[in-house]
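Close look at the chain arrangement
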Amino acid sequence: QVQLVQSGGGLVQPGGSLRLSCAGSGSIFIINVMGWYRQAPGKQRELVAGITSSGSTNYADSVKGRFTISRDNAKNTVYLQMNSLKPEDTAVYYCNIQEVVTKDGYEYDYWGQGTQVTVSS
């Protein structure tokens, strides 16, 4: 079993910055793919950014150049640095493990508890 615990988030003014963290725990050997998703009210959950164990990244077009995803493999932790925040970035942000190798083998699709990010003046 794998658990994800998120931290960070909150209220910030437009143009400000926030950093989200998400730490995985359990019988983890390696997390192959981690990412961040978000869901705004009345909208579907969408991928914000993803990162592989080798450090390859991908971003939604709406956040390219403003958000940076990174990870610390030794700590099983993924980060999302969000700069130049806009009101349209307001959403609940979820971290995700897409694929992980544990003592039980390959496992898929774990989610953090979600954290609110509100961008407003």
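Residues numbered from 1 in each chain as written. Predicted model: local features only at pLDDT ≥ 70, side-chain atom pairs only at ≥ 80, totals over all residues. Heavy atoms only, no water.

1. Details of the overall build of the protein
If you tally the helices and strands in the protein, you get zero helices and eleven strands. In the protein, the succession of α and β elements from N to C terminus is β-β-β-β-β-β-β-β-β-β-β. Computed over its C-alpha atoms, the radius of gyration of the protein comes to 14 Å, within 12% of the 14 Å expected for a compact globule of 121 residues. Each of the three principal axes of the protein carries a C-alpha extent, and together these read 45 × 25 × 20 Å. Expressed as a percentage of the 121 residues in the protein, the buried residues total 43%. (Helix = DSSP H or I, 4+ residues; strand = E, 2+ residues; numbered from the N terminus. Rg over C-alpha atoms; globule rule 2.2 N^0.38 Å. Buried < 20%, exposed > 50% of the residue type's maximum accessible area, 1.4 Å probe, protein only.)

2. Some points on the nonpolar core
Counting residues in hydrophobic clusters, the biggest one holds 30 residues, and the most contacted among them are Trp36, Leu80, Met82 and Tyr93. Breaking this core down by element, the ones donating at least two residues are strand E1 (2–7), strand E3 (18–26), strand E4 (28–39), strand E5 (46–52), strand E7 (67–72), strand E8 (77–82), strand E9 (91–102) and strand E11 (115–119). Considering each element in turn, this core owes the most residues, five residues, to E9. Discounting chain neighbours no more than four positions away, the residues touching Leu80 are Leu18, Arg19, Leu20, Trp36, Val48, Ala49, Phe67, Thr68, Ile69 and Tyr93. (Core = buried A, V, L, I, M, F, W, Y, C linked by side-chain atoms within 4.5 Å. Contact = heavy atoms within 4.5 Å.)

3. Considerations on the packing of aromatic side chains
Counted under the stated rule, the structure contains two aromatic pairs. Relative to Trp111, the ring of Tyr37 lies with its centre 5.0 Å away and its plane at 65 degrees, an arrangement referred to as edge-to-face. With Tyr37 in strand E4 and Trp111 in strand E10 (residues 105–111), the pair connects residues that are 74 residues apart, well separated along the chain. Under the relative-accessibility criterion, Trp111 is labelled partly exposed at 32%. Note on Tyr94 and Trp111: the rings are 6.4 Å apart at their centroids and 85 degrees apart in plane angle, and the pair reads as edge-to-face. (Phe/Tyr/Trp six-rings, centres within 6.5 Å; stacked < 30°, edge-to-face > 60°.)

4. Some words on the confidence of the model for the protein
Mean pLDDT for the protein: 95, with 100% of residues reaching 70 or above. The weakest mean pLDDT in the protein belongs to E10 at 92; the strongest belongs to E11 at 98. (pLDDT = per-residue confidence, 0-100.)

5. Overview of the state of the cysteines
Inspection of the entire model under this criterion finds one disulfide. Here Cys22 pairs with Cys95 through a disulfide, and the sulfurs are 2.0 Å apart. Between Cys22 and Cys95, the S-S torsion sits near 45 degrees, and that sign places the bridge as right-handed. Of this pair, Cys22 sits in strand E3 while Cys95 sits in strand E9, and the two are 73 residues apart along the sequence. (Disulfide = S-S within 2.5 Å.)

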